[in-house]
Structure formats: structure tokens, C-alpha cells
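Analysis of the macromolecular model
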Amino acid sequence: MTVSISGAIDFLQDKYVLSPALQGPVISSSIIGGVIGAGFSGFLSDKYGRRRSTGRRAKSSTRPRLLRLLAN
């Protein structure tokens, strides 16, 4: 997770002109979101099974990507 954060903070800082005081909340909120997401996906895997929950996540992320690709 830290690799994706370290790669994203430069992009976010350039795009939104983040001060060092704002970088902390941005990084911590992304870490908190990752922890919540991991816990939620673990719950879904326990309830529905790993294959079904992984397939649903793949479908839900593929549709918006295809729409964005077709929009451009």
C-alpha cells in the first residue's frame, strides 16, 4: 500500500497544490480507506466465498473502465 501512496502523493501534490500540512490528512485518509476496504472485502469473501466476491469486484470495476474507454 505504501508504494501506491508514495507514487500518488506526487501526482496529487502537483494537481491540487497540497501543502505539507494537507499531505498528512490525504495520506492518512487513503490508508484508512485501504484498511476499511480490506476488512469489507474479507467479510464478503467469508460470506459469499472468495471466487464469487472476486468476480463481482472484477465486474464492478470493469464496467466503468469500459465506459470511460468508450467515452474517449
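Right, let's walk through the structure included here. (Residues numbered from 1 in each chain as written. Predicted model: local features only at pLDDT ≥ 70, side-chain atom pairs only at ≥ 80, totals over all residues. Heavy atoms only, no water.)

**Observations concerning the overall build of the chain**
Selection rule: Secondary structure elements are defined from DSSP: runs of H or I of at least 4 residues count as helices, runs of E of at least 2 residues count as strands, and each element is numbered from the N terminus. Summary of the burial criterion: residues with accessible area below 20% of their type's maximum are buried, those above 50% are exposed, and those between are partly exposed, where the area comes from a 1.4 Å probe applied to protein chains only. All accessibility values rest on the Shrake-Rupley procedure with a 1.4 Å probe; residue burial counts only the protein chains present in the view.
When its secondary structure is counted, the chain shows three helices and zero strands. Starting at the N terminus and ending at the C terminus, the chain contains elements arranged as α-α-α. When each of the 72 residues of the chain is scored for burial, the buried share is 7%. Only carbon and sulfur atoms are counted for the fraction: they give 65% of the accessible area of the chain, which is about 5,900 Å².

**As for the side chain of Q23**
This is how it is decided: What qualifies as a polar contact is a pair of N or O atoms within 3.5 Å, subject to a donor-acceptor requirement within protein and to the restriction that residues adjacent in sequence count only when both atoms come from side chains. Residues are treated as being in contact if the distance between any of their heavy atoms lies within 4.5 Å.
Among the structural elements, Q23 can be located in helix α2 (residues 20-48). Residue Q23 is classed as buried on the basis of its relative accessible area of 18%. In terms of polar contacts, Q23 uses its side chain to reach the side chain of Q13, at 3.2 Å. In contact with Q23, not counting residues within four places along its chain, are I9, Q13 and L18.

**Here's the deal with α2**
Threshold: Any helix carries an expected span of 1.5 Å times its number of residues minus one.
Relative to the 42 Å expected for 29 residues at 1.5 Å per residue, α2 spans 42 Å between its end C-alpha atoms, a close match to the ideal helical length. Two residues or fewer after α2 comes G49, characterised by a positive phi angle close to 100 degrees.

**Section: unusual backbone geometry**
Unusually for a residue other than glycine, V17 sits at a positive phi of about 50 degrees. Inspection of the secondary structure assignment puts V17 in the loop between α1 (2-16) and α2.

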